[in-house]
Amino acid sequence: MFERRRLGATNLAVSLLGFGGIPIMRISTAGARDVVQAALEEGIDFFDTARGYADSEQKIGKALRELGARPVLASKSPKRDKQGMLEDVAASLAALGVDSIDLYQLHCVSDREAFDQVLGPGGACEALRELRAEGRVRHVGITTHNLDIARLAIECAEFETIQILFNVIEDRALAEVIPSALKADMGVIAMKPFGGGVIDQWEIALRWVLSTGGIVAIPGVASVSEVRENAAIARTPRPLRRRELEGIAAIKASLGPRFCRRCDYCQPCPNGVPISMLLQVDAIRKRLGEPALRAPSWQDVLKKAVDCDQCGTCEPRCPFELPIRELVKQARENLIQILD
């Protein structure tokens, strides 16, 4: 069995390895059921999804009902106002097929304006307080990619959990946020332990994240094999070896700060450009070589990529403030060179 960790003042004790619900939206309903079943079989009992993850809530909810399972469920909404939050929680309850959600989170609060709005009069927090009093939401949390906002969330004492970006590349939270959150008795949930899938040395990355005491990691999974591999790593903790620590340094050096985490918050593109897929071109070329990019599927990506008119709709949506237009243009040019 996994080590169990307490999610702060919620007093929910969950497996230190959770279930991240983003990738499941990319697979079939039958495939999603298999992945959920594998996670339950491995002892994973904390499932995190969101209104913004397409049909992730529906797939997880359907699978759990069919399997007769009721793990700890977490979802989240990007709505900043009271009415919008009330509507989204109702939609989450219906999609998941439950009467109450264990943890509901304000999703991706990444600037001071949004933070003040959710906490202010008529803000989303008003809705969550009411829903908690009614029992439709048991606990309230917040997610952010911004460490300044994370610090504000810890100080304001409104939230019981905080979900933050935390992996071997983006590790500032280890010194700047996690100790303060744990001291404040907030549950800490680590999102994107594999950097949104760009870190290919999975074992090193996951062991590093899980070696941090008191936190719960929620790697996204889209296959039974990924569930099994992650579970095996989490079930056999050990210190990282010197060679593995050197591997972490190599990962950081190879990626740098400007890389796509494939969260797809930039979507939908008005012109149908598959942004996150396109921005994997350089990473795939480095790992697998150019032949991997000559598959027919990449011809389809290129056909859609030429429709990018540099409108910039995507950039304000990116929580990592990436210069998406510049990166798309460069990736498109690189792909053209490879496919010509």
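Residues numbered from 1 in each chain as written. Predicted model: local features only at pLDDT ≥ 70, side-chain atom pairs only at ≥ 80, totals over all residues. Heavy atoms only, no water.

Residues and numbers for the overall build of the protein chain, please.
Check the secondary structure of the protein chain and you find 15 helices and 10 strands. The globule rule puts the C-alpha radius of gyration for 340 residues at 20 Å, and the 20 Å found for the protein chain is close to it. Scored against the burial criterion, the 340 residues of the protein chain give a buried share of 54%. Within the protein chain, residue pairs in contact and separated by at least 24 positions form 76% of the contacts whose partners lie at least 6 positions apart. When the accessible surface of the protein chain is summed, it comes to about 14600 Å², and 51% of that surface belongs to carbon and sulfur atoms. Here the protein chain carries 44 positive and 45 negative side-chain charges, and the mean point of each set is 3 Å from the other. (Helix = DSSP H or I, 4+ residues; strand = E, 2+ residues; numbered from the N terminus. Rg over C-alpha atoms; globule rule 2.2 N^0.38 Å. Buried < 20%, exposed > 50% of the residue type's maximum accessible area, 1.4 Å probe, protein only. Contact = heavy atoms within 4.5 Å. Areas by Shrake-Rupley, 256 points an atom, 1.4 Å probe, with all protein chains shown as cover. Lys, Arg positive; Asp, Glu negative; His and termini not counted. Charge placed at Lys NZ, Arg CZ, Asp CG, Glu CD.)

Go over the sheet that holds strand 4 (residues 46-48), please, and point to the residues and values.
The pairing of strands in a sheet comes from backbone hydrogen bonds and takes either a parallel or an antiparallel form. In space, the 8 strands of this open sheet follow the order 3-4-5-6-7-8-9-10, with parallel pairing throughout. Both edges of this open sheet fall to strand 3 (19-20) and strand 10 (215-217), since each of them pairs with a single strand only. Sheet topology places strand 9 (residues 187-191) next to strand 10; 3 bridges connect them, and they run parallel. Within strand 10, the position partnered with Ile 189 by the bridge is Val 216. Strand contacts of helix 3 (residues 82-96): strand 5 (72-77), strand 6 (101-106) and strand 7 (137-144), with the helix running at about 140° to strand 6, the strand carrying the most contacts. Each of strand 7 and strand 8 (161-165) touches helix 6 (residues 147-156); the most contacted strand, strand 8, lies at about 170° to it. (Pairing = 2+ DSSP bridges. Axes fitted to C-alpha atoms, helices over the stretch in contact; angles between N-to-C directions.)

Tell me about helix 15 (residues 324-339), and name the residues and values.
When the terminal C-alpha atoms of helix 15 are compared, their 22 Å separation across 16 residues agrees well with the 22 Å that a helix rising 1.5 Å per residue should span. For helix 15, every residue scored as buried is listed here: Ile 324, Leu 327, Val 328, Ala 331, Arg 332, Asn 334, Leu 335, Ile 338 and Leu 339. Summarising the axial view, the buried residues of helix 15 lie within an arc of 165°, below the 170-degree limit, and thus occupy one face. (Expected span 1.5 Å × (residues − 1). Arc of directions from axis to C-beta.)

So what's going on with the pairing of strand 5? Residues and values would help.
For strand 5, the tally of buried residues reaches 6 of 6 residues, placing the bulk of the element in the interior. Alternating positions in strand 5 separate into two faces, Val 72, Ala 74 and Lys 76 on one and Leu 73, Ser 75 and Ser 77 on the other, with burial throughout. Two elements, strand 4 and strand 5, share 3 bridges in a ladder whose sense is parallel. What sits directly across from Phe 47, in strand 5, is Leu 73. Handedness of the β-α-β unit built from strand 4, helix 2 (residues 56-67) and strand 5 comes out right-handed. Summarising the sheet, strand 5 and strand 6 pair through 4 bridges and their orientation is parallel. Bridge pairing in strand 6 places Lys 76 opposite Gln 105. Handedness of the crossover joining strand 5 and strand 6 through helix 3 is recorded here as right-handed. (Right-handed = clockwise from strand over helix to strand, strands pointing away.)

I'd love a proper account of helix 14 (residues 296-305), names of residues and values included.
Trp 298, Val 301, Leu 302 and Ala 305 are the residues of helix 14 that are buried. Considered in projection along helix 14, the buried side chains sweep an arc of 100° and stay on one side of the axis. Opposite the packed face of helix 14, turned more than 90 degrees from it, sit the exposed residues Pro 296 and Lys 303.

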